[in-house]
Amino acid sequence: MIGRLNHVAIAVPDLQAAAARYRDTLGAVVRDPQDEPDHGVTVVFIELPNTKIELLHPLGDDSPVRGFLDKNPSGGIHHLCYEVEDILAARDKLRADGARVLGDGTPRIGAHGKPVLFLHPKDFDGCLVELEQV
Ligand code: CO
């Protein structure tokens, strides 16, 4: 069911510093910061040859990333995103197998303009998993 690794999201306490590290030290292609008010984050996309990295920084007071940074003040991997061809079929199969889909299970439009869902980290070895329909 799952396809390519679409991105690895890393929550960072200092977006400018993290973006500069990827651009200047690691030599990656780093895009401009993008505010995603619906998701409570500012995102910097980093293009790698085989996947993307998303640097996440809290935006607004009820950002889902703020609690993560409170627990991990120097930042850390926040989630992995796998591609699926049919997100509703994927959701139904996961639920049938006992995995918990976060929220009410209705896909939301993610940072790339495509439908996404998140899966409970306790069902996936401690990793928050995002599915994105491509
Ligand atoms: Co993501």
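The sections below set out a description of the structure shown in this document. (Residues numbered from 1 in each chain as written. Predicted model: local features only at pLDDT ≥ 70, side-chain atom pairs only at ≥ 80, totals over all residues. Heavy atoms only, no water.)

## Notes on the pattern of salt bridges
Okay, step 1: This structure, assessed with the given rule, holds 6 salt bridges.
Okay, step 2: One salt bridge connects R31 with E47, and the closest N-O pair in it is separated by 3.5 Å. Of this pair, R31 sits in the loop between β2 (29-30) and β3 (34-36) while E47 sits in strand β4 (residues 41-47), and the two are 16 residues apart along the sequence.
Okay, step 3: Exposure remark for E47: the relative accessible area of 31% places this residue in the partly exposed category. (Salt bridge = Lys/Arg side-chain N within 4 Å of Asp/Glu carboxyl O. Helix = DSSP H or I, 4+ residues; strand = E, 2+ residues; numbered from the N terminus. Buried < 20%, exposed > 50% of the residue type's maximum accessible area, 1.4 Å probe, protein only.)

## A short note on the coordination of the cobalt ion
Okay, step 1: Ligation of the cobalt ion by protein atoms is provided by H7 (NE2), H79 (NE2) and E130 (OE), these donors lying 2.0 to 2.1 Å from the ion.
Okay, step 2: Spacing between the donor residues of the cobalt ion along the chain follows H-x71-H-x50-E. Of this pair, H7 sits in strand β1 (residues 5-11) while H79 sits in strand β6 (residues 76-84); the two residues are 72 residues apart in sequence, bridging distant segments of the chain.
Okay, step 3: Residue H79 is classed as buried on the basis of its relative accessible area, which comes to 5%. (Donors = N, O, S within 2.8 Å, 3.2 Å for Na, K, Ca; no water.)

## Things to note about unusual backbone geometry
Okay, step 1: Phi at D125 is positive, roughly 60°, even though this residue is not glycine.
Okay, step 2: The residue D125 is located in the loop between β8 (115-119) and β9 (129-133) in this model.

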